[in-house]
Amino acid sequence: MQSQVGLFYTVNQSVQLLLPQNVHVKVKIIDIVAHVRLSQTYTNKDRTLIETSYRFPLPYSSAVDAFEVEFSDGRI
């Protein structure tokens, strides 16, 4: 596996990376703090359901204040 960042799924005991279809980043800097909003869109083009895991390493001094997943059927 070349990348350790992104959305991963397993097929026949092989871990695969699902590439994003769209990426949007919005950054607001106030004093020494950066508030970063990252939006990524992924599409499963197969008709088969897949189980995924999302990996996104963060610096030690960072924090996540929200994480949301929205599915194509409207579930959040």
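Small disclaimer: the values here were computed from a predicted structure and weren't measured. Residue positions within a chain follow its written sequence, with the count starting from 1. For this predicted model, a pLDDT threshold of at least 70 governs which residues receive local features, and a threshold of 80 or more governs which side-chain atom pairs are given and counted, while totals over whole chains, interfaces and linings are taken from all residues. Side-chain metrics rest on all non-hydrogen atoms present in the structure, leaving aside hydrogens and water.

J.: Could you clarify how one ought to interpret the packing of aromatic side chains in this entry?
T.: Between two aromatic rings, the relevant description is the distance of the centres plus the angle of the planes. Stacked, edge-to-face and tilted labels apply to pairs of Phe, Tyr and Trp rings (six-membered ring for Trp) whose centres lie within 6.5 Å, assigned for plane angles under 30 degrees, over 60, and everything in between, in that order. Applying the stated criterion across every chain, the model contains two aromatic pairs. Arranged with centres 6.4 Å apart and planes meeting at 5°, the rings of Y54 and F56 form a pair that is stacked. The classification of residues rests on relative accessible area computed with a 1.4 Å probe and restricted to protein chains. Under 20% of the type maximum is buried, over 50% is exposed, and intermediate values are partly exposed. Looking at Y54, the relative accessible area reads 31%, which means it is partly exposed. We classify F56 as partly exposed; its relative accessible area is 39%. Each ring, one from Y54 and one from F67, has its centre 5.8 Å from the other, and the planes form 45°; the classification is tilted. Placement of Y54 in strand β5 (residues 52-55) and of F67 in the segment after β5 is noted, with a sequence separation of 13 residues between them. Taken together, Y54, F56 and F67 form an aromatic cluster joined through their ring pairs. Residue placement shows R75 over the ring face of F71; its charged tip is 4.4 Å from the ring centre. Going along the chain from the N terminus, every DSSP run of H or I of four or more residues is numbered as a helix, and every run of E of two or more is numbered as a strand. Ring-over charges, as used throughout, are those where CZ of Arg or NZ of Lys falls within 6 Å of the ring centre and within 35 degrees of the ring normal.

J.: Explanation requested: the layout of surface pockets in the structure shown.
T.: In this approach, a probe sized like a water molecule rolls over the atoms, and the result shows the empty space that is left. Detection works on a 1 Å grid of protein atoms alone, calling trapped sets that fit a 1.4 Å probe cavities and calling open sets with protein on both sides within 12 Å along at least five of seven lines pockets, with lining residues defined by an atom within 4 Å of a point. Grid points are joined across faces, edges and corners, and a volume is the space filled by probe spheres set on the points. Volume-wise, the largest pocket comes out at about 1,800 Å³. L38, Q40, F67, E68 and V69 are the residues nearest the centre of the largest pocket, which is lined by 37 residues in total. Of all the secondary structure elements, the ones that give two or more residues to the lining of the largest pocket are β4 (33-42) and β5. Here the residues of the lining of the largest pocket sort into 20 nonpolar, 10 polar and seven charged. Charged means Asp, Glu, Lys or Arg here, nonpolar means Ala, Val, Leu, Ile, Met, Phe, Trp, Tyr, Cys or Pro, and polar covers whatever is left, Gly included.

J.: Would you take a moment to explain the pattern of salt bridges for this structure?
T.: Pairing of side chains with opposite charge becomes possible as their charged atoms draw close. Between Lys or Arg on one side and Asp or Glu on the other, a salt bridge is scored when a side-chain nitrogen of the former is within 4 Å of a carboxyl oxygen of the latter. Tallying each qualifying case throughout the model produces one salt bridge. A salt bridge links D73 to R75; its shortest N-O distance comes to 2.9 Å. Judged by its relative accessible area of 51%, D73 falls in the exposed class.

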